[in-house]
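A closer look at the structure
What follows is each chain in one-letter form.
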Amino acid sequence: MDDVDVVVVGGGPAGTMLACELRLAGVRTLVVERMTEPFGHAKALGLHARTIEEFELRGAHEDLLDGAPKLRGGHFASLPSPLVYEVLDSRHPYGLYRTQVEVEELLTARARRLGAEIRRGHELVRLEQDDTGVTAGIRGPDGEYQIRSRYLVGCDGGRSTTRKLAGIEFPGQEPSLAVLLADAKFSGELPVGEGMGPLRPYGVVRPEKRAWFSAVPLFEPGLHRVMVFWYGRTFPDRRAPVTEQEMRAALVDIAGSDFGLCDIEWLTRLTDSSRQAEQYRRGRVFLAGDAAHVTFPAGGPGMNMGLQDSMNLGWKLGAAVHGWGGDALLDSYHSERHPVGELVLRNTRLQVVLLDPDPNLRALRDTFTDLLRMPQVNRYFAGLGVALDIEYDLPGAHPMIGRRMPDVPLVTPESRRYLSEYFHCGHGVLVMLGRAAGASDAGTAWKDRVDVVTGTAAEPDDRLANAFLVRPDGYVCWAGDPVAEAAELRAALETWFGAPLR
Ligand SMILES: Cc1cc2nc3c(=O)[nH]c(=O)nc-3n(C[C@H](O)[C@H](O)[C@H](O)COP(=O)(O)OP(=O)(O)OC[C@H]3O[C@@H](n4cnc5c(N)ncnc54)[C@H](O)[C@@H]3O)c2cc1C
């Protein structure tokens, strides 16, 4: 008998999000987290549109939205043409200013409320898997012990122990850039960051040194995120603590002054090292979040992508634990999320190149600045950056298959509700629209996994078919006519939701 169904290693954003999804699917879940207390410093500062939508699918978005500043536009490599979010086809066409600390707090509380056990001060140190499960060696305050589970997911960050113990390669690019970061205040006046893009109001660019610094105001009055970039340099020791003196010297080197740097809350080093796990699954062991991919935080993709990995994986593991999801469903986690990771890493690498102030790259920066003024190009990079345009390669002809279900308002005999409201419990949803409603009893034989919703779209919408089968993570896996294409619908239900009830 297994001790739990799934062990999640790491209680960061990816791990706690996964724990919420697993509990929603009724999976016995244990999270082990090495640190006894939360990290406390906000690495990530914001949530993207698709992440907000995913929180909304679970009815968990309101606490995030409450009082949080919204960014109506973004930047691409700090170029002067901003990314326009308002044209994005979403009910949340903005970036949300919420720190990683706040996101982790919210998810940890939610995971516990849903019944996940979270053990702080417990670290994965050994790992073995066989045909029926995984045996994890955990080191806790009272020594080492073993936990047996059906599956184990490494959400344990860029230096993932899980990844190493599972023998999964992590190829990628070595650093070509050294960045010092401080969250701090200034007693002096900061220089206006001319030509540094819409979201970097303060700073200095030194093309001849291939270096620059920027200071971006944070939510707390007076607090700034300060970053000093040197291209063509690397740190001898990336993990060495940054001293206050080193940060001051860096500012003086680039700007001739430290501008009265004071009240330093956090100092760290960053590089543009960019790596991706060769496999997101090995047998019963999976990787999500930074354990699966690391990249420079240009455009803030890391935490957002990890949260979305967990949304993709949670219900699939739930299906496997309950016996209606097989190997093909579990494999689809890698085949769907690995290409997304690849594309996001490519997009970040491109921004790292464009952020280089080297005068030889001026033509490239100017060309991209012009390109971003073209609505179609702007829309492409905005949609890519906030993950609204993800398209999984799923079988089927309808153009919505593999894409996120738009959150359209639906009129039923009882109410007018947005579609997202039907996903709170983490089931799949079969949406029957207009004349399809009542024309088919498809779905009845999957009623423990798939909720059938019938109604009429409140507004005409060219994208909509008569019926949609939508997975618990909000992606369309079948669309068409439930009567004329009844066999196809049945096949899709079996593919994504297993054998029908007898
Ligand atoms: C300066 C900076 C700015 C960033 N800005 C953004 C941004 O704006 N937007 C964005 O989306 N992303 C941003 N990121 C990236 C983001 O912080 C990461 O992508 C995110 O933290 C990854 O979440 P995770 O849960 O995968 O891993 P982590 O947050 O690294 O969490 C992993 C957890 O696993 C635990 N752990 C490790 N090993 C073990 C073990 N053996 N046993 C048990 N527990 C273990 C760790 O203690 C940790 O709590 C930024 C990163 C940095 C450094």
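Residues numbered from 1 in each chain as written. Predicted model: local features only at pLDDT ≥ 70, side-chain atom pairs only at ≥ 80, totals over all residues. Heavy atoms only, no water.

The name given to the protein chain in an unreviewed UniProt entry is FAD-binding domain-containing protein, with Actinoplanes awajinensis subsp. mycoplanecinus as the source organism. Comment text from UniProt for the protein chain, heading Cofactor (unreviewed entry), reads "FAD". (UniProt positions renumbered as here; feature names shortened; annotations may be inferred.)

**Comments concerning the overall build of the protein chain**
In terms of regular secondary structure, the protein chain is built from eleven helices and 27 strands. Its C-alpha radius of gyration of 24 Å places the protein chain within 12% of the 23 Å reference for a compact globule of 502 residues. With the principal axes as the frame, the protein chain shows a C-alpha extent of 75 × 60 × 35 Å. Within the span of the protein chain, comprising 502 residues, buried residues form 55% of the whole. (Helix = DSSP H or I, 4+ residues; strand = E, 2+ residues; numbered from the N terminus. Rg over C-alpha atoms; globule rule 2.2 N^0.38 Å. Buried < 20%, exposed > 50% of the residue type's maximum accessible area, 1.4 Å probe, protein only.)

**Things to note about the domain arrangement of the protein chain**
The assigned domain composition of the protein chain is domain 1 (4-45 + 99-171 + 275-354), domain 2 (51-97 + 356-390), domain 3 (175-272) and domain 4 (409-497). Each partner contributes to the interface: domain 2 provides eight residues, whereas domain 4 provides ten residues. Summed over both sides, the interface between domain 2 and domain 4 buries roughly 790 Å², with carbon and sulfur atoms accounting for 48% of that surface. For the domain 2 face of the interface with domain 4, the top three residues by lost area are L57, R58 and R91, together amounting to 63%. Counting every contact that joins domain 2 to domain 4 gives one salt bridge. For D89, the salt bridge goes to R463, with nearest N and O atoms at 2.7 Å. (Domains from an automatic or database assignment. Contact = heavy atoms within 4.5 Å. Buried area = accessible area lost by both parts, 1.4 Å probe. Salt bridge = Lys/Arg side-chain N within 4 Å of Asp/Glu carboxyl O.)

**Things to note about a positive patch on the surface**
On the surface, R159, K164, R238 and R239 cluster together into a positively charged patch. By relative accessible area, K164 is classed as exposed at 52%. (Patch = residues over 30% accessible without salt bridge, like charges linked within 9 Å, V, L, I, M, F, W, Y side chains within 5 Å. Areas by Shrake-Rupley, 256 points an atom, 1.4 Å probe, with all protein chains shown as cover. Lys, Arg positive; Asp, Glu negative; His and termini not counted. Charge placed at Lys NZ, Arg CZ, Asp CG, Glu CD.)

**Describing the sheet that holds strand β17 (residues 261-271)**
Strand order across the open sheet formed by five strands is β14-β15-β16-β13-β17, with antiparallel pairing between neighbours. In this open sheet, the two edge strands, each paired with only one partner strand, are β14 (202-206) and β17. Strand-to-strand twist across the sheet, computed as the mean angle between neighbouring axes with direction ignored, equals 15 degrees. The pairing of strand β15 (residues 211-217) with strand β16 (residues 224-231) spans seven bridges and is classified as antiparallel. Along β16, the bridge assignment pairs W212 with F229. Packing against the sheet, helix α6 (residues 244-255) makes contact with β13 (177-186), β14, β15, β16 and β17, and its axis sits at approximately 65 degrees to β16. (Pairing = 2+ DSSP bridges. Axes fitted to C-alpha atoms, helices over the stretch in contact; angles between N-to-C directions.)

**Overview of the pattern of salt bridges**
Evaluated as defined, the whole model comprises 41 salt bridges. R91 is the partner of E56 in a salt bridge, and the nearest nitrogen-oxygen pair spans 3.1 Å. In this pair, E56 is assigned in helix α2 (residues 49-57) and R91 in the loop between β6 (83-84) and β7 (95-97), connecting sequence segments 35 residues apart. Here E102 and R98 are joined by a salt bridge, their closest N and O atoms 2.9 Å apart. The partly exposed category is assigned to E102, whose relative accessible area is 30%. By relative accessible area, R98 is classed as buried at 12%. Salt bridges here are not isolated pairs; linked through shared partners, they connect R50, E53, E54 and R404.

**Let's talk about the site of the ligand**
Near the ligand, the surroundings consist of 31 residues, among which E33, Q100, D290, G300 and M303 are the closest. Note that an oxygen atom of the ligand is positioned 2.7 Å from one of the side-chain N or O atoms of D290. Its free accessible area being 990 Å², the ligand has 89% of it covered by the protein chains. For the shell around the ligand, the secondary-structure elements that each account for two or more residues are α1 (13-24), β2 (29-33), β9 (123-129) and α7 (302-321). (Near = heavy atom within 4 Å. Polar contact = N/O pair within 3.5 Å; in protein donor to acceptor, adjacent residues only side chain to side chain.)

**As for the packing of aromatic side chains**
Evaluation of the coordinates by the stated rule reveals 15 aromatic pairs. Put simply, the rings of F76, F368, Y380 and F381 touch in pairs and so form one group of aromatic residues. Positioned above the aromatic ring of F170, the side-chain terminus of R163 is 3.5 Å from the ring centre. Positioned over the ring face of Y422 is R417, at 4.5 Å from the centre of the ring. (Phe/Tyr/Trp six-rings, centres within 6.5 Å; stacked < 30°, edge-to-face > 60°. Lys NZ or Arg CZ within 6 Å of the ring centre and 35° of its normal.)

**Side note on the nonpolar core**
Counting 107 residues, the largest nonpolar core has F55, F468 and L469 as its most contacted members. Examining the composition of this core, we find that ten residues originate from one element, α7, more than from any other. Residue contacts for L469: discarding those within four places in its chain leaves V429, L430, V450, Y475, V476, C477, W478, L489, A492, L493 and F497. With 28 residues, the next largest nonpolar core counts A298, L354, F368 and F381 among its residues. (Core = buried A, V, L, I, M, F, W, Y, C linked by side-chain atoms within 4.5 Å.)

**Side note on α6**
For α6, built from twelve residues, the straight-helix expectation of 16 Å at 1.5 Å per residue is met to within 8% by its first-to-last C-alpha distance of 16 Å. Burial in α6 covers these residues: M247, A250, L251 and I254. Projection of α6 onto a plane perpendicular to its axis shows the buried side chains occupying an angular sector of 95 degrees, all on one side. Here the buried face of α6 lies against β13, β14, β15, β16 and β17. One or two steps after α6, the chain reaches G256, where phi turns positive at roughly 80 degrees. (Expected span 1.5 Å × (residues − 1). Arc of directions from axis to C-beta.)

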